[in-house]
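Chain by chain, the residues run as shown.
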Amino acid sequence: MRRPQLLAAAGLALALAATSACSGDNDGGDSNANGNFASGGTFTFAVAGDPGTLNPLNNTATTANWLFRFLYQPLVTRKEDGSVGPGLATKWDFDGTKAVFTLDPNATCSDGSKITPSVIAKNFTWVKDPKNTSTVIGAVLPNRDFTFVADDAAGTFTLTLDSPFSNLLPSLSFMHQACGAGGENPAGLTTTSSGSGPFVLKTATPNSEYVMTKRPGFPGNDAPGVPDQVVMKIVDSESTAANLLLSGAINAAVVNGQDRARLTAAGATEKTYVSGGVVISFNHQEGRITADKAVRVALTQALERGAVAKVVTQGLLPEAGTSVSAAQPQICDDASAASAIPAFDASAAESTLTGDGWTKGGDGIMTKGGKQLAFQLGYSTATPGAAAAAELMADAFGKIGAKATISPFAQADYTQRVFTTGDYDVMLQQFSNPFPSTLIGLLAGPFPPDGTNAGHVANKTYADAVAAARTASTQDAACQSWTAASKALFEEADMIPIASWPTNWVVKNAVMDTLGGRPIAESVRLLQPR
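Let us look at the structure shown here. (Residues numbered from 1 in each chain as written. Predicted model: local features only at pLDDT ≥ 70, side-chain atom pairs only at ≥ 80, totals over all residues. Heavy atoms only, no water.)

1. Some remarks on the overall build of the protein
If you tally the helices and strands in the protein, you get 15 helices and 23 strands. For the protein, with 530 residues in total, the buried portion stands at 58%. For the protein, the proportion of contacts with a sequence separation of at least 24, taken over those separated by at least 6, is 68%. If you sum the accessible surface of the protein, you get close to 18,900 Å²; carbon and sulfur atoms cover 50% of it. Here the protein holds 37 positive side-chain charges and 46 negative ones, and the gap between their average locations is 3 Å. (Helix = DSSP H or I, 4+ residues; strand = E, 2+ residues; numbered from the N terminus. Buried < 20%, exposed > 50% of the residue type's maximum accessible area, 1.4 Å probe, protein only. Contact = heavy atoms within 4.5 Å. Areas by Shrake-Rupley, 256 points an atom, 1.4 Å probe, with all protein chains shown as cover. Lys, Arg positive; Asp, Glu negative; His and termini not counted. Charge placed at Lys NZ, Arg CZ, Asp CG, Glu CD.)

In structure tokens:
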């Protein structure tokens, strides 16, 4: 039941509250916060897409991560400055391959049972089993080549990797630990939660709302303003979310577009974070148009990425992206790799295609071997600005003789296509991956069903650079290799950054801190309505 100490260093407030849960150096502000807390009540925040599966060991999607932060705790947390802080573990020792975690002896599950090393071991057992195809593999842990020992008497959990992985500790801050019945059967978590976080899932209505109730006795839950209930509501329109904020029906939402002005005019607070990036990914599966490198390069050359960035971020971050892991704080600044991105030049794009044997027909569409240069351009409907950006991209592709059919996907469908089925050609993707290592499974791991490399990317230069980064003896050496890995992706046009991704939280009649745009559950406070 231990309350993570991450909050004390968060420094990312959307509204300032001088309480036992929030430090005084947060950089947002609400002059009415102090002494104006509500008693009990419901805090409701809106998200654009359904989180999907409620198994915390098999869902690393952004919306799911936000939900899980209210229900579960990781072994360790991450602070605003990028350093590692305590979670379920109060201390740890890591030498590059072996990590020993000492658990908080007071930590308990929502069912009242103790969080012991054996409980943690059950999570790693489930993740390691290939038949479970856990998304933790690749996104958090590089592979299944690890062993572990739970010593309940000593209160320690020891994780040993077969090869070094310098980014293990910060990565583990994204592995939410199940306990109780959920620890025994994580896949059985379809309508409930089973964790050690400050809230418990009461009801789950997919594509509508997820209702959580406050855990009695959780440290800090008796502080002024802590809500009795938290609701995550699915609202797929920013304008609708803005209207709900103005009416008082909800307390917080990500609003990146033009509705921001009327919200702040009505007294809401806002804060913009770089929480990830927007990229285009190309499917390499045999038989796909985009398996051809020349096609991938030409499509990249056809795009004025800065113009697309301005549209997809709705003007918040209008510069072309330079990183596939842009979330702040960055572990490594790999911006220098962007020089390898094929530059915008429509004429050069056509030349790339003609040099590869493509010819433009009377209808303006390129053909080769009797096959048109036609493909599906997908995006998630949960990404604000993506629809307009896809239209702009399709128009640019058309100018070089490439026919893109725009295909919007609901978030759950999008997640399945990107990580499991690989049923896409070109995908405009919004990732909130905090580290370059979280992309390993997607870009260098096994193909489904053994892994999440659904796009069948096979880039040896990238894989070699990743291996060097993982085994580096210093952070500087690791960053040099991560930069080389990004450059390899760009040279092969496997994944191309479009923009840094803004998460602009707007909050009214409440307080909520975030880290890199991700809600900190323990920080939530309700204020008296103005």
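Once you've had a look at it, read on.
2. Here we look at helix α1 (residues 62-71)
Of all the ten residues making up α1, nine are buried; the element is thus mostly covered by neighbouring parts of the structure. Three or more residues of α1 are buried, namely Thr63, Ala64, Asn65, Trp66, Leu67, Phe68, Arg69, Phe70 and Leu71.

3. Here's the deal with the layout of surface pockets
Taken as a whole, the second largest pocket spans an internal volume of roughly 310 Å³. Taken together, 20 residues make up the lining of the second largest pocket; nearest its centre are Asn58, Thr135, Thr415, Gln416 and Thr420. For the lining of the second largest pocket, the residue count by class is six nonpolar, 13 polar and one charged. (1 Å grid on protein atoms, 1.4 Å probe; cavity = no way out; pocket = protein on both sides within 12 Å on 5 of 7 lines; lining within 4 Å. Points joined across faces, edges and corners; volume = space filled by probe spheres on them. Nonpolar A, V, L, I, M, F, W, Y, C, P; charged D, E, K, R; others polar.)

4. A few points about the environment of Asn106
Mapped onto the elements, Asn106 comes out in the loop between β5 (98-103) and α2 (117-128). A relative accessible area of 58% means that Asn106 is categorised as exposed. Residues Asn106 and Leu88, 18 residues apart in the sequence, show an inter-C-alpha distance of 9.3 Å.

5. Some thoughts on the sheet that holds strand β13 (residues 359-360)
Taken in spatial order, the three strands of this open sheet run β13-β14-β15, and their pairing is antiparallel. The open sheet is flanked by β13 and β15 (371-372), the only strands paired with a single partner. Sheet topology places β13 next to strand β14 (residues 366-368); two bridges connect them, and they run antiparallel. What sits directly across from Lys360, in β14, is Met366. (Pairing = 2+ DSSP bridges.)

6. As for the nonpolar core
One finds Leu299, Phe397 and Leu428 to be the most contacted residues of the largest nonpolar core, which totals 69 residues. Counting residues in hydrophobic clusters, the runner-up holds 33 residues, among them Leu88, Ala89, Cys109 and Phe124. (Core = buried A, V, L, I, M, F, W, Y, C linked by side-chain atoms within 4.5 Å.)

7. A word on unusual backbone geometry
Between Gln328 and Pro329 the backbone carries a cis peptide bond, its omega angle lying at 0°. Along the chain, the position of Pro329 falls in the loop between α9 (305-312) and α10 (346-355). Geometrically, the link from Pro448 to Pro449 is a cis peptide bond, its omega value of 10° lying close to zero. You will see that Asn207, though not glycine, has its phi angle at about 65°, which is positive.

8. Considerations on the pattern of salt bridges
Evaluated as defined, the whole model comprises 18 salt bridges. Among the ionic pairs, Lys131 bridges to Asp129, the shortest N-O distance being 2.4 Å. For Lys214, the salt bridge identified is with Asp228, shortest N-O distance 3.4 Å. With Lys214 in strand β9 (residues 209-214) and Asp228 in the loop between β9 and β10 (229-234), the pair connects residues that are 14 residues apart, well separated along the chain. Judged by its relative accessible area of 24%, Lys214 is partly exposed. Residue Asp228 is classed as partly exposed on the basis of its relative accessible area, which comes to 41%. Via salt bridges that share partners, Arg288, Asp413, Arg417, Asp423 and Asp425 belong to a single interconnected network. (Salt bridge = Lys/Arg side-chain N within 4 Å of Asp/Glu carboxyl O.)

9. Section: the sheet that holds β5
Taking strand neighbours across the sheet as the criterion, the four strands line up as β4-β5-β7-β6 in an open arrangement whose pairing is antiparallel. Since the sheet does not close on itself, it has two edges, and those belong to β4 (89-94) and β6 (146-151), each with one partner. The average undirected angle you get between the axes of adjacent strands in this sheet is 15°. Strands β5, β6 and β7 (156-161) of the sheet are contacted by α2, whose axis makes an angle of about 160° with β6. (Axes fitted to C-alpha atoms, helices over the stretch in contact; angles between N-to-C directions.)

10. Considering the side chain of Thr135
Checked against the element boundaries, Thr135 lands in the loop between α2 and α3 (136-139). Not counting chain neighbours up to four residues away, the residues in contact with Thr135 comprise Leu57, Asn58, Asn59 and Thr60.

11. Section: the environment of Asp95
Mapped onto the elements of the fold, Asp95 is located in the loop between β4 and β5. By relative accessible area, which is 56% here, Asp95 ends up exposed. Taking the C-alpha atoms as reference points, Asp95 and Pro446, 351 residues apart in sequence, are found 27 Å from one another. At a separation of 3.0 Å, a polar atom in the side chain of Asp95 contacts the main-chain amide nitrogen of Thr97. (Polar contact = N/O pair within 3.5 Å; in protein donor to acceptor, adjacent residues only side chain to side chain.)

12. Some words on the packing of aromatic side chains
Summed over the entire model, instances satisfying the criterion amount to 13 aromatic pairs. Ring centres of Phe146 and Phe148 lie 6.3 Å apart, and the angle between their planes is 35°; this geometry places the pair in the tilted category. On the basis of relative accessibility, which here comes to 24%, the residue Phe148 falls in the partly exposed class. A cation over an aromatic ring shows up here: Arg69 above the ring of Phe174, its NZ or CZ 5.3 Å from the ring centre. (Phe/Tyr/Trp six-rings, centres within 6.5 Å; stacked < 30°, edge-to-face > 60°. Lys NZ or Arg CZ within 6 Å of the ring centre and 35° of its normal.)

13. Examining empty space enclosed by the protein
Enumeration over the complete set of coordinates arrives at five cavities of 30 Å³ or more. Space inside the second largest cavity adds up to approximately 80 Å³. Along its surface, the second largest cavity is lined by 13 residues, and Ser281, Tyr424, Leu442, Leu443 and Val457 are the ones closest to its centre. Taken together, the elements giving at least two residues each to the lining of the second largest cavity come down to β12 (269-282) and α13 (440-444).

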